[in-house]
Amino acid sequence: MRHSAASLAGMTGATTAELKAMMGHATAGMVERYQHATRASRSRLAENMSKLAEI
């Protein structure tokens, strides 16, 4: 249940710092397992990077 909650938070855009706080982990490496790269997250990242290029 704990892993599922953290994975869902990661998939909805939680930052590494937010996941560290949520899970009580001391290092960023420990929360990488909850930040799955999905097709939607990669698309969102590409879209946000495109917006930065327009500035």
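Here's a quick rundown of the structure. (Residues numbered from 1 in each chain as written. Predicted model: local features only at pLDDT ≥ 70, side-chain atom pairs only at ≥ 80, totals over all residues. Heavy atoms only, no water.)

1. A word on the packing of helix H1 (residues 2–11) against helix H2 (residues 16–23)
Then comes step 1: Where H1 meets H2, the closest approach of the two axes is 10 Å, and the angle between their N-to-C directions is 160°. Between H1 and H2, the angle is such that the two are roughly antiparallel. When you trace H1 past H2, the crossing you get is right-handed. Two secondary-structure elements touch here, H1 through Arg2, Ala5, Ala6, Ala9 and Gly10 and H2 through Leu19, Met22 and Met23. (Axes fitted to C-alpha atoms, helices over the stretch in contact; angles between N-to-C directions. Helix = DSSP H or I, 4+ residues; strand = E, 2+ residues; numbered from the N terminus. Parallel < 35°, antiparallel > 145°, perpendicular 65-115°, else oblique. Left-handed = near helix turned anticlockwise from the far one by under 90°. Contact = heavy atoms within 4.5 Å.)

2. Observations regarding the environment of Ser41
Then comes step 1: Looking at where Ser41 falls in the secondary structure, it is placed in helix H4 (residues 39–53).
Then comes step 2: When the C-alpha atoms of Ser41 and Met11 are compared, they prove to be 7.2 Å apart, with 30 residues separating the residues in sequence.

3. What to know about H1
Then comes step 1: Of the residues making up H1, those classed as buried are Ala6, Ser7, Ala9 and Gly10. Across the axial projection of H1, the buried residues extend over an arc of 160°, all falling on one side.
Then comes step 2: Where H1 is buried, its residues touch H2.
Then comes step 3: Positioned one or two residues after H1, Gly13 has a phi angle of 105°, which is positive. (Buried < 20%, exposed > 50% of the residue type's maximum accessible area, 1.4 Å probe, protein only. Arc of directions from axis to C-beta.)

The quantities given are spatial measurements derived from coordinates; they are silent on function.
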